Structure formats: structure tokens, C-alpha cells
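The primary structure of each chain is shown beneath.
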Amino acid sequence: LTSAEAGEAAAQGVHAACPECRTIVLPVADGGEGMLDVLLAASNGKRITVRAHDSLMQPCDASYGISGDGNTAFVEMAAISGLPLVPIEQRNPMLTTTFGTGELIKDALNKGCRNFIIGIGGSATNDAGLGMLQALGFRFLDKSGHTLGTGGQIMEAVANIDTSGIHPALRETHFMVACDVANPFYGPDGAAYIFAQQKGADSNMVQRLDEGMQSLAEVIKKTTGKDITNYPGAGAAGGMGGGLLAFFNAELKPGTELLLKAIDFSEKIKGADLIITGEGKADRQTAMGKVPYGILKEAQKEHIPVIVLALSLIHISEPTRHLRIS
């Protein structure tokens, strides 16, 4: 279900039990699926559909948005490089690439957009954004100077980065990233160990990907002077957060916080007696910036109780005891 569909279903249930109750449905996203719809509605923007490549480099149609004033592009990574777009038997973060996300950015740059809000939740990839950068003119070279291909598998082989052919507009463009988690680039809590398995990686792949990200972080530091290793959110979307941070000087913002501000959530909930929100699976990642946690924080300011509906519930760790799961 989309956020809007789930909200409408909850509202119908409330009215069935309490017909006189007044309900308001507010679609919310955290930077993953649904972000584009929320931002288009908030900015009176328009949807742009282009031909691009999915995470397996197959051509397909994908959409992004441009704000009503024409200045800001909204790119939802999940719309072209998303996990649900890849059949389960083909999920493999060693092979999947963010190239298509870069193609959407490139199209928006060519249309004159110089401000971007990029939602990086729901990805099928663990290539640290290298594919996205390749679509925008970056070249990644091995020790012999050969240009590397695509996918998470290339990270361990990157020795040098050629920026001579990058899109010229990137130097005057500002990127704000809606980031749904605060994980570091690599390590036990990094991109590979926390997220790669759900994208199709086995234990050997997870280790290779993590080692590749360690190696890549050193090359990035040598090239840009930036150490992205422990920056909160650098490990989001298989390291996409780190790639955007390192090469575009992007601002990484909690996705839920950014989206809630866009829809003026704090004002719209004033006077409410109860807030119902939801998530497919509620687990320890819920407290790492996911929608229910962001909503809980806003609700607490107004002393409004919150109920979380989830398809599955996994053990909630100590820091999230105050998030009561129903």
C-alpha cells in the first residue's frame, strides 16, 4: 500500500468504529517510495517521465518531479533504482547500479534545475553512488588505468577517479538528500552489513562489499580530501549518501524530518487526539530516522499519543522503548 492508501484504510476503520470521529489523512514518506508524490503535492509541481536504466541496466520509463517554480528537481531513487523493481531471483548488489538515478539527475540539470532534493530510500544497490556518478560523467579507473564497469563489485577495484568529463552544471548545483537512516559508510553498522542482505547479498558478498567500501573511502579521501567514513547517513542506500556527500557536497537531512516540514505536519496535527502511522516492518531501524519515529517526535511536542501499525514486528531495542508498538 502507498502511504495515502494505508491512511485511507485506517480512516475507514476509524469511521466504522466511531462514525462521528473527524480524521485527516496525511501521506508521508522518509525519502523512499512515495517521496515524489508528497513533494509534488506540496510544491504544486509537475511530473517528468524519461527513458532511463534500472538497477540491472535495463531500459525503462521512470519519473522525477520539478517544483512549480521550476527551480527544484525531486528525484526519488526508488523510482528507478528501487528494490521492488528487481525480481527476487535477480537481486544482487554486486551487480545492481545507481546509473539510472544519475540519468534522472542529468535530465533535470539539462532542463535548468540547480536545486535538488534526492530521496535515497528503498534502493536495490550497494555501489556507493558510483553508477549515478558515471551517468554524470565521472570515470572510475583501476590500477592499470582501465575504466571500470558498474555495480557494487567495482568498488574494491577503484584506484583513481577521473572528474574531467563531469556535467558542467554540477559545479553550481545544490543537493539536499532525504536520508532515512544514520548509518556510517562501512563497518558493523555500515551499508553492507546492515542492508546488503535484504538486497540479495550472501555473507561472502556482504564482506566483499564492506571491504570494497573501505577501500573506496580511502580513494575518495585522496581525491576529494573528505573522510566520509563515519558521517551519519553516508551508508544510506548502499553508500549513496556517502557518494553524494563526497562529490556534490550534499546536505544529508533526515528524510522524515525534511518531508514532514514540506507538508507542514507540525501545524496540521495540532488539536489531534490520536495519530496512527505505519511501517511494513517495525524493528531497530525504525528508530534510525524512519517515518514512525519522526512522527512520534513531532507528536510528543503536542502530547499526542501515537499508534504504529506494522505487518511484522521485530524486537525493539533499548533506545526505542518509549515507542510503544500496537
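Source: prediction; values computed, not measured.

With that out of the way, let us pick up the overall build of the protein. A count of helical and extended segments in the protein gives 11 helices and 10 strands. Here the protein has a C-alpha radius of gyration of 20 Å; the compact-globule value for 326 residues is 20 Å, and the two agree. Structurally, the protein occupies a C-alpha span of about 70 × 45 × 35 Å along its principal axes. Looking at the protein residue by residue over its 326 residues, the buried ones come to 52%. By sequence separation, contacts in the protein at least 24 residues apart represent 71% of the contacts at least 6 residues apart. When the accessible surface of the protein is summed, it comes to about 15000 Å², and 50% of that surface belongs to carbon and sulfur atoms. Taking the average location of the 27 positive side-chain charges in the protein and that of its 35 negative ones, the two points are 4 Å from each other.

Once that is clear, we can look at the packing of aromatic side chains. Across all of its chains, the model carries four aromatic pairs by this definition. Here Phe175 and Phe248 contribute two aromatic rings whose centre-to-centre distance is 4.7 Å and whose plane-to-plane angle is 20°, an arrangement assigned as stacked. With a gap of 73 residues between them, Phe175 in strand 7 (residues 174–179) and Phe248 in helix 8 (residues 236–248) connect regions that are remote in the sequence. For Phe175, a relative accessible area of 0% gives the class buried.

To continue, consider the nonpolar core. If you look at the biggest cluster of nonpolar residues, it comprises 66 residues, and the most contacted ones within it are Ile105, Phe116, Ile120, Phe138, Leu244 and Phe248. Filtering out sequence-adjacent residues up to four positions away, Leu244 remains in contact with Ile118, Ile120, Met132, Val177, Asn249 and Ala250.

Across the five residues of strand 4 (residues 115–119), four count as buried, placing the element largely inside the fold. Looking at chain direction, strand 4 and strand 7 are connected through five bridges and run parallel. Directly across from Gly119, in strand 7, lies its bridge partner Ala178.

If the charged atoms of two oppositely charged side chains come close together, the side chains can form a pair. A complete count under the given rule lists nine salt bridges for this structure. The partner of Asp37 in a salt bridge is Arg47, with the nearest N and O atoms 2.5 Å apart. Residue Asp37 is found in helix 2 (residues 35–43), and its partner Arg47 is found in strand 1 (residues 46–53); the two are separated by 10 residues along the sequence. Owing to a relative accessible area of 45%, Asp37 belongs among the partly exposed residues under this scheme. Relative accessible area serves as the criterion here: at 44%, Arg47 is assigned to the partly exposed category. Of the charged contacts in the structure, one is a salt bridge between Arg208 and Glu156, with a shortest N-O distance of 2.4 Å. Linking Arg208 in helix 7 (residues 203–224) with Glu156 in the loop between strand 5 (139–141) and strand 6 (160–162), this pair joins segments that are 52 residues apart in sequence.

Structurally, Lys290 is set in the loop between strand 9 (275–282) and helix 11 (291–301). Overall, Lys290 belongs to the buried group, its relative accessible area being 14%. Taking the C-alpha atoms as reference points, Lys290 and Gly121, separated by 169 residues in sequence, lie 9.9 Å from one another.

Our next topic: the confidence of the model for the protein. On average, the protein scores 92 in pLDDT, and the residues at 70 or more come to 95%. Counting interchain partners and residues more than four positions distant, the pLDDT-below-50 stretch residues 318–326 has 16 contacts.

Backbone-to-backbone hydrogen bonds join strands into a sheet, with any given pair of strands oriented parallel or antiparallel. Strand order in this open sheet of six strands is 1-2-3-4-7-8, and the pairing throughout is mixed. The outermost strands of the open sheet, each flanked by one partner alone, are strand 1 and strand 8 (251–254). Mean inter-strand twist for the sheet, computed between neighbouring axes without regard to direction, equals 25°. As judged from the two bridges shared by strand 2 (residues 59–66) and strand 3 (residues 72–76), these two strands associate in the antiparallel manner. Counterpart to Gly65 in the pairing with strand 3 is Phe74. The sheet contacts of helix 4 (residues 99–110) involve strand 1, strand 2, strand 3, strand 4 and strand 7, and relative to strand 1 the element is tilted by about 130°. Those strands touched by helix 8 are strand 4, strand 7 and strand 8, and its axis lies near 160° from that of strand 7.

Definitions and cut-offs
Residues numbered from 1 in each chain as written. Predicted model: local features only at pLDDT ≥ 70, side-chain atom pairs only at ≥ 80, totals over all residues. Heavy atoms only, no water. Helix = DSSP H or I, 4+ residues; strand = E, 2+ residues; numbered from the N terminus. Rg over C-alpha atoms; globule rule 2.2 N^0.38 Å. Buried < 20%, exposed > 50% of the residue type's maximum accessible area, 1.4 Å probe, protein only. Contact = heavy atoms within 4.5 Å. Areas by Shrake-Rupley, 256 points an atom, 1.4 Å probe, with all protein chains shown as cover. Lys, Arg positive; Asp, Glu negative; His and termini not counted. Charge placed at Lys NZ, Arg CZ, Asp CG, Glu CD. Phe/Tyr/Trp six-rings, centres within 6.5 Å; stacked < 30°, edge-to-face > 60°. Core = buried A, V, L, I, M, F, W, Y, C linked by side-chain atoms within 4.5 Å. Pairing = 2+ DSSP bridges. Salt bridge = Lys/Arg side-chain N within 4 Å of Asp/Glu carboxyl O. pLDDT = per-residue confidence, 0-100. Axes fitted to C-alpha atoms, helices over the stretch in contact; angles between N-to-C directions.

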